[in-house]
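One letter stands for each residue in the lines below.
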Amino acid sequence: MASSHSSSPVPQSNSSDAFFKKEVDTTKRFRPVQSLPDVCPKEPTGNPNSLHDSPSLVVDQQRWTIYHSKVNLPAALNDPRLAKRESDFFTKTWGVDFVDTEVTPSFYLPQITKEHFALYQQEITPREKVHERCKNICTSKDTFDRTLLHTHDKSRTDLEQVPKIFMKPDFALEDSLTFNAVLPWSHFSTAGGKGNRDAASSKLLQEKLSHYLDIVEVNIAHQISLRSEAFFHAMTSQHELQDYLRKTSQAVKLLREKISKIDKVMCEGSLRVLRLSLTRNNCIKAYNKLKLMATVHQTQPTVQLLLSTSEYVGALDLIATTQEVLQQELQGIHSFRHLGSQLCELEKLIDKMMIAEFSTYARNDLNRPLEDDCQILEEERLVSLVFGLLKQRKLNFYEIYGDEMINTAKNIIKQCVVNTVSQIEEIDTEVVVKRCLSLARLADQMRMMNFPQWFDLLKNIFSKFTIFLKRVKATLNTIRSVVFLVLDKNQKTRDLEDTLLKNSAKESMVDSEVAYLTHEGMFISDAFGDGELPAGAADSASQRNTSPNSEPCSSDSVSEPECTTDSSSSKEHTSSSVTPGGVEMMIGEDMKLTDLELVRLANNIQELLYNASDICHDRSVKFLMARAKDGFLEKLNSNEFVTLSRLMEGFILDTEQICGRKSMSLRGALQSQANRFVNRFHEERKTKLSLLLDNERWKQAEVPAEFQDLVDSVSDGRISLPEKKPTATEERKPAEFLIVEGQKYATVGTVLLLIRIILEYCQCVDNIPSITTDMLTRLSDLLKYFNSRSCQLVLGAGALQVVGLKTITTKNLALSSRCLQLIVHYIPIIRAHFEARLQPKQFSMLRHFDHITKDYHDHIAEISAKLVAIMDSLFDKLLSKYEVKAPVPSACFRNICKQMAKMHEAIYDLLPEEQTQMLFLRINASYKLHLKRQLAHLNVVNDGGPLNGLVTSDVAFYTGNLQALKGLNNLDLNMAEIWEQKR
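Residues numbered from 1 in each chain as written. Predicted model: local features only at pLDDT ≥ 70, side-chain atom pairs only at ≥ 80, totals over all residues. Heavy atoms only, no water.

Going by what an unreviewed UniProt entry lists, the chain is known as Vacuolar protein sorting-associated protein 54 and is assigned to Serinus canaria. Of the comments in the UniProt record for the chain, the one headed Subcellular location (unreviewed entry) reads "Golgi apparatus, trans-Golgi network". According to its UniProt record, the chain has this under Sequence similarities (unreviewed entry): "Belongs to the VPS54 family." (UniProt positions renumbered as here; feature names shortened; annotations may be inferred.)

Engineer: Looking at this structure, how should I read a negative patch on the surface?
Structural biologist: A surface patch of like charges, here negative, comprises E702, E736, E905 and D909. Relative to the elements of secondary structure, E702 occurs in the loop between α22 (664–695) and α23 (705–715). (Patch = residues over 30% accessible without salt bridge, like charges linked within 9 Å, V, L, I, M, F, W, Y side chains within 5 Å. Areas by Shrake-Rupley, 256 points an atom, 1.4 Å probe, with all protein chains shown as cover. Salt bridge = Lys/Arg side-chain N within 4 Å of Asp/Glu carboxyl O. Lys, Arg positive; Asp, Glu negative; His and termini not counted. Charge placed at Lys NZ, Arg CZ, Asp CG, Glu CD. Helix = DSSP H or I, 4+ residues; strand = E, 2+ residues; numbered from the N terminus.)

Engineer: I tried to follow the packing of aromatic side chains on my own but got confused; where do I start?
Structural biologist: Two numbers describe a pair of aromatic rings. These are the distance of the centres and the angle of the planes. All chains considered together, the criterion is met by 15 aromatic pairs. The interplanar angle of 0 degrees and the centroid separation of 5.9 Å between the aromatic rings of W454 and F623 together place this pair among those described as stacked. Pair noted here: W454 is in helix α16 (residues 451–519) and F623 is in helix α20 (residues 595–627), with a separation of 169 residues, a long-range link. Each member of the pair, W454 together with F623, is buried. Measuring from ring centre to ring centre gives 6.4 Å for F465 and F651, while their planes differ by 35 degrees; the resulting arrangement is tilted. Placement of the pair is F465 in helix α16 and F651 in helix α21 (residues 638–659), with a sequence separation of 186 residues. Note on F465: relative accessible area 0%, which makes it buried. Take F651: its relative accessible area is 3%, and that puts it in the buried class. An aromatic cluster is built from F875, Y882, F893, Y927 and Y958, whose rings are joined through pairwise contacts. If you follow R818 out to its NZ or CZ, it ends over the ring of Y745, 3.9 Å from the centre. (Phe/Tyr/Trp six-rings, centres within 6.5 Å; stacked < 30°, edge-to-face > 60°. Buried < 20%, exposed > 50% of the residue type's maximum accessible area, 1.4 Å probe, protein only. Lys NZ or Arg CZ within 6 Å of the ring centre and 35° of its normal.)

Engineer: Got a minute to help me understand the pattern of salt bridges in this structure?
Structural biologist: Opposite charge on two side chains allows them to pair when their charged atoms are near. Scanning the entire structure with this criterion turns up 18 salt bridges. A salt bridge links D614 to R661, with the nearest nitrogen and oxygen atoms 3.2 Å apart. With D614 in helix α20 and R661 in the loop between α21 and α22, this residue pair connects regions lying 47 residues apart in the sequence. Overall, the relative accessible area of 21% leaves D614 in the partly exposed class. Among the residues examined, R661 registers a relative accessible area of 29% and is labelled partly exposed.

Engineer: Whenever I open this one, the packing of α22 against helix α25 (residues 749–767) confuses me. Can you help?
Structural biologist: Packed helices, taken two at a time, are described by the angle between their axes plus the distance between the axes. Viewed as axis vectors pointing N to C, α22 and α25 meet at an angle of 170 degrees, and their least axial separation amounts to 10 Å. Judged by the angle between their axes, α22 and α25 are roughly antiparallel. Across the interface between the two elements, F677, F681, H682, R685, K688, L689, L692 and L693 of α22 pack against T750, L753, L754, I757, E760, Y761 and C764 of α25. (Axes fitted to C-alpha atoms, helices over the stretch in contact; angles between N-to-C directions. Parallel < 35°, antiparallel > 145°, perpendicular 65-115°, else oblique. Contact = heavy atoms within 4.5 Å.)

Engineer: Mind showing me how you'd approach the packing of helix α28 (residues 810–835) against helix α30 (residues 891–907) here?
Structural biologist: Closest axis-to-axis distance for the α28/α30 pair is 9 Å, and the angle between their directions is 35 degrees. Here the hand of the crossing between α28 and α30 comes out right-handed. Taken together, the residues of α30 that come into contact with α28 (itself represented by T810, K811 and A814) are M903, A906 and I907. (Left-handed = near helix turned anticlockwise from the far one by under 90°.)

Engineer: What is the right way to read a nonpolar patch on the surface from this model?
Structural biologist: A surface patch of nonpolar side chains, about 330 Å² in accessible area, is lined by I112, F117 and Y120. Looking at the secondary structure, you find F117 in the loop between α2 (84–94) and α3 (118–137). Its relative accessible area of 43% is what places F117 among the partly exposed residues.

Engineer: Is there a simple way to explain the confidence of the model for the chain in this structure?
Structural biologist: Detailed reading of predicted coordinates is not advised where the pLDDT is low. Residues of the chain with pLDDT of at least 70 account for 74%, and the chain-wide mean is 75. Overall, residues 431–437 carries pLDDT values under 50, and its contacts beyond four positions in sequence, including any with other chains, amount to 12 contacts. Note that pLDDT drops below 50 for residues 517–573; the model gives that stretch 50 contacts with residues more than four away or on any other chain. (pLDDT = per-residue confidence, 0-100.)

Next comes the structure, spelled out in structure tokens:
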């Protein structure tokens, strides 16, 4: 409370209370220090003239500071310079509500901040440092006069008589130590004959305490005498304030009487109407609450009824709605305090029931007979279960279906094996039935089957697995469609919310425009032309025109429970969606699943379909491995393995088409078995070829009609083994030569079989495309082996020891060359066949055929060189003994012509005419070289002399005999070269 008599903490010179101001001697350079607001205002403050003879409360002999100040009650209550004490004084009488009001700061005085003292601090800081340094160096001097100390000696001496324990700020007799120190217990004991002495001690203690009290009272009285003027000033101010308060109380009383009359006349009636209206609304709300409570009370029986019909989604929706009503509209109802926990437990029970129901459904769906035409079992039940599981965020339910798939795949194989084994007469049916539960025993029974029986069993298993995968795909597609329906619903909900936000933004803009026009005093129709008023503005205007006193629900209109039900149900908007199977479902907005969770769940379900394919392939691989333990698959012939490979490839393609992804386990097992088959296939044929070569006598063999048909089929562009025709083959006789594209090839029996083996390799590639690269490598190895082995046997004369030939004749060499030429003829065809079946990145493997072709050509060239070398050695042997003399023709030339005729006879039927001519030209060149060397040795020149005539006659004989041979009549021998001399 503001008072004209209140004084500031620091009195000014123009104040009426002039006695508050301390006289300062301007002749002495002492900075005046403001007095402390709490204790001992007459203590030394730096001015020697301001000292008084009043006693000091400082009990120690150290220099007095603000930290040694003590407070006593009279000094605090009678401090005339403390403004707060005036309010405290009146507060004691009139209560704690009588306080000072906050004084509004003056507009004419500046606001003083720390920045105003920055310059002063910068100036005084160095001085202060110097002062502190000097203070630490110099000895301290007493700033007070000895007279000042003498003035306070008496008061100090008196106060020193009082024990210091009474001066402590925490002095309290409640403390046992303090009480025992002030009143020793020993003074009050009355034991034995010491009673008189104890009484004297107690009396002495009482007198001592009285003496202490007198000393303190004297000092307090002295201090009060020093402040008497301030006390009387306070009393005067109190009388004035009492007058002011009396007048204020009368004014307040008059104002209250007027307000009471106004309240009775103008407010009580209206407030009564409002109170009755509020009471009516409260009654309506209470009635609606009771109806809502009655509805909620029927929740549990309704949920039980829904669960009895497996309506899990409806039961969960009812529980969610009831929980929302309990939390929002029936919160705090004592009778429903346990209903929330009961509904939570019921919801957990429904979760377990749905999981068990889904597990049962999966078991029934996968284990039903595979002959049923229905793809999906009870689609409506499945959709309802999936919706319920999604609503409860049980997103791992697909794992249950995955576990059932594994068990079903095992049972399919087991049942197929049991059914097949029980139908085989060679196997004891009773043993099978007794031991069908043991997979090991069942595998032993399965190994007793032959290939056709086992193949039929595998075919049956593959067909069952195909139906199984189709059924799984249909079920999982239905589940994924439900997930996508929920995802689509979420997207539509977000789009609707975005649209509502945009509309609300537009309406807020229109409202702001209307408010602005209204504020400017304009009509909306003036701002917008006719027909230009926005829809949002019209709606907002119509809402503003409605009566503010209108009630949301009245007894004549829709009742409050209906409003409440609508409000609670409006939060669960539902939309109808139809699954691919034609099942219509109502999707609520309480599916609190994010798009990421739904997309991840859809991907997991799709991955489950891939896992189903992998499961079928893995079980098939185990079935194959169980049969392959005794090397059964490796012992299959090529036709059986090709049949098996085709069956497995067909199953792999079917599963890829159903599931949309390749499964590599069965393909890998097929590839592994194919590699084993290729190794065995290659080793068998390589061993067969080795045996044929070791027994080959390198004589021309007759060509059976089937081999001619085989070659003819290759000439037609088909590399395949033709079907056998027993009747036609018996009527046809073997041919002497093999006709290939119009050319005759004289071959040995080994080469004919080699051609058939090569075609078997090619046909195996057609039947099993996955082994193309392995077959190419093995075929290259086979061709290289034939080339190297035939070279060892013929050119290397290995056949002399292996077969027992006496010698390697020119016919053997020519026949070997022709066989090699036949193989070279088929290498490009084989290359094209493999090239059409290789991937572009595997074309580099075709270089093997280029290397093989080069090796074969080199081998053929070596055979031709060997034939020429044979004749060359013959020419060297005969012509080295040649002498130019009669008779003509000489014996030497007769032998040469004889050997040439034998050579021609040996190779003419084996080699083509062009090759024969080229070979004899090379032989003739060798002959001319040796003859020329011998003539030079004999010094026979072309001078027309007798020796020249004899040589010319012999050469003419040689030429005539050579050109008389079949196919060499047009051969240009150019015998004139024998007479050319070196320059």
